[in-house]
Amino acid sequence: MSAVRAVLALLAVLFGGGFLVLAFTAARTAQRLRAWRSWKRVPAVVTSLDWEARPESQGVLLVVFEAEGRLSTALDTGSEAHREDEREGLLERFAVGTRHEALVDPSGAAPLLVTGLLQKPVVPLIIGGIFFVLSSVMGTLAWYLGQPGNLLSRLLG
């Protein structure tokens, strides 16, 4: 009985930690998106493109683009790895010469290419909410199993 209770408590802590990480990720993404709203939107043209292979069938899209006469490599997804099976679609979508939207920072920092691949903050919040519910249920069940005379101990005892 105590082993089951310990496993449930451990899972509750792990799901609770997952909720906190996802909530932090959503907050940081929302903060970054809010900051970008004040930036000027300008057309950008891709000047070169590459794919850097990574382990575990992943890779990073490397795009050089020109916006307002300035070259940049900054993407709204950062150096986020993509699956190898997404490679062809990404290389076709961001082929040399294609036009996209870029954001220009009023402070003069490098322009940022809007890829449309950035995850919205609501996705980690929904998954985090599921983790929170699972954590609560498992924590409550672990607490209940620790109570003397609970139903499970009566059935097994």
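The structure under discussion appears in the preceding block.
Residues numbered from 1 in each chain as written. Predicted model: local features only at pLDDT ≥ 70, side-chain atom pairs only at ≥ 80, totals over all residues. Heavy atoms only, no water.

Below, the discussion takes up the side chain of serine 135. Positionally, serine 135 belongs in helix H3 (residues 122-145). For serine 135, a relative accessible area of 15% corresponds to the buried category. (Helix = DSSP H or I, 4+ residues; strand = E, 2+ residues; numbered from the N terminus. Buried < 20%, exposed > 50% of the residue type's maximum accessible area, 1.4 Å probe, protein only.)

Before going further, it helps to examine the pattern of salt bridges. Following the criterion strictly, the structure yields 2 salt bridges and no others. Its salt-bridge partner being glutamate 68, residue lysine 40 comes within 2.7 Å of it at the nearest N-O pair. Residue lysine 40 is located in strand S1 (residues 40-54), and its partner glutamate 68 is located in the loop between strand S2 (58-67) and strand S3 (70-72); the two are separated by 28 residues in the primary sequence. When its relative accessible area of 47% is taken as the criterion, lysine 40 is described as partly exposed. The partner of glutamate 101 in a salt bridge is arginine 41, with the nearest N and O atoms 2.6 Å apart. In this pair, glutamate 101 is assigned in strand S6 (residues 99-104) and arginine 41 in strand S1, connecting sequence segments 60 residues apart. (Salt bridge = Lys/Arg side-chain N within 4 Å of Asp/Glu carboxyl O.)

Our focus in this paragraph is the packing of aromatic side chains. Applying the stated criterion across every chain, the model contains 2 aromatic pairs. Between phenylalanine 19 and phenylalanine 132 the ring centres are 5.1 Å apart and the planes differ by 50°, which places this aromatic pair in the tilted class. With phenylalanine 19 in helix H1 (residues 2-36) and phenylalanine 132 in helix H3, the pair connects residues that are 113 residues apart, well separated along the chain. Overall, the relative accessible area of 26% leaves phenylalanine 19 in the partly exposed class. Exposure remark for phenylalanine 132: the relative accessible area of 44% places this residue in the partly exposed category. (Phe/Tyr/Trp six-rings, centres within 6.5 Å; stacked < 30°, edge-to-face > 60°.)

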